[in-house]
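Below are the chains, spelled out letter by letter.
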Amino acid sequence: MPVTLDQSNFKNLDFDAQDDGVWVVTMNRAHKRNALDLDTIEELVDFFSAAPRAGVKAVVLAGSGDHFCAGLDLIEHHDADRSPADFMHVCLRWHEAFNKMEYGGVPVIAACQGAVVGGGLELASSAHIRVMNETTYFALPEGQRGLFTGGGATIRVADLVGKDRMIDMMLTGRVYHGQEAMDLHLAQYMVEGSVMDKALEIARRTAENLPLTNFAICSAISHMQNMSPLDAAYAESVVAGVVNTQAPARERLAAFADKSAARVRKDA
Ligand code: 1HE
């Protein structure tokens, strides 16, 4: 059932929907270093819930200004003086948003400049691809703030860097940047200059894939990682049964057979 995404329903996210189905989604609270308040989380839930049914082929997620995202809106959290139950529900909304990103089936490329910290790293780690440059740095300052992660870092950041490094990041406030961050899988691409240019290039390339194939890549792999190997192998067979027999895939296979399709080359 197709749905529409209407910019007028969003105030903290700006959309630039391009002709090839790539959407640039920019968090627009640079004055707050794109800190995640309740409204922004709800907008992320709304956007990523609708995107797979709204013809969005790939998303570049960016922050306005010099920083990607400063994590939880600490001022809102301070002023709200929440109860444990209140904050549990806040976290559940974060999980709703980030799970929609990771499991939604639409490729999400995070253009990570400047600070990618706390909940900002939880957000970035829910994207399928992260691009960094010389300005980018990753940290989990929750430990210093008297807080704990609540947006999935114990799952996704630990998965990227390992439990031991995540514990160190939280205990000591250790900051990772440059090649060391790349080596720890905090990003898959490092560029000199614009993270947006590279993120867009990647998004456009992914948007050329068949939507159902991208759906499988950006949903099934994450689900299968949560399964036993036996169940994952079964699920993989079912997904491949559906994806690998889709009509548009036959066209691509025919193009391979008649030698009109591009070959895999070392320098592609
Ligand atoms: C904020 C926030 C925020 C900035 N919540 N308002 N996250 C953190 O502990 C990161 C906290 N922020 C920082 O360390 C720095 O602000 C930055 C490194 C991101 C940027 O530094 P800088 O020098 O460019 O900016 P600034 O002067 O510190 O902040 C500019 C404004 O943004 C200022 O507001 P203003 O009204 O005084 O101008 C800041 O208050 C505001 N600002 N970051 C609210 N985070 C589900 S649990 C998740 C747990 C967490 O994410 S804990 C948060 C971890």
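This structure is a prediction, so every number in the text was calculated from the model and none was measured. (Residues numbered from 1 in each chain as written. Predicted model: local features only at pLDDT ≥ 70, side-chain atom pairs only at ≥ 80, totals over all residues. Heavy atoms only, no water.)

Caption draft 1: Region of the structure containing the pattern of salt bridges. Under the counting rule described, the total for this entry stands at 11 salt bridges. Arg 82 is paired through a salt bridge with Glu 76; the nearest N and O atoms lie 3.3 Å apart. Between Glu 180 and Arg 174 there is a salt bridge; the shortest N-O distance is 3.4 Å. Judged by relative accessible area, Glu 180 falls into the partly exposed class, the value being 40%. Taken together, the shared-partner salt bridges in this structure form one network comprising Arg 29, Asp 37 and Asp 73. (Salt bridge = Lys/Arg side-chain N within 4 Å of Asp/Glu carboxyl O. Buried < 20%, exposed > 50% of the residue type's maximum accessible area, 1.4 Å probe, protein only.)

Caption draft 2: Representation of the packing of aromatic side chains within the structure. Under the definition given, this model contains 6 aromatic pairs. On the numbers, 5.9 Å between centres and 45 degrees between planes, the contact of Trp 23 with Phe 47 is tilted. With Trp 23 in strand β2 (residues 22-27) and Phe 47 in helix α1 (residues 38-50), this pair connects stretches of sequence that are 24 residues apart. Given the relative accessible area of 0%, Phe 47 is considered buried. A centroid spacing of 5.7 Å and a plane angle of 65 degrees characterise the contact between Trp 94 and Phe 98, whose relative ring orientation is edge-to-face. With Trp 94 and Phe 98 both in helix α3 (residues 84-103) and 4 residues apart, this pair spans about one turn of that helix. By relative accessible area, Trp 94 is classed as buried at 5%. Phe 98 gets classed as buried once you look at its relative accessible area, which sits at 0%. Connected via pairs of aromatic rings, a cluster forms that spans Phe 10, Phe 15, Trp 23, Phe 47 and Phe 48. (Phe/Tyr/Trp six-rings, centres within 6.5 Å; stacked < 30°, edge-to-face > 60°. Helix = DSSP H or I, 4+ residues; strand = E, 2+ residues; numbered from the N terminus.)

Note that every value here comes from positions in space, so none of it alone points to a role or purpose.
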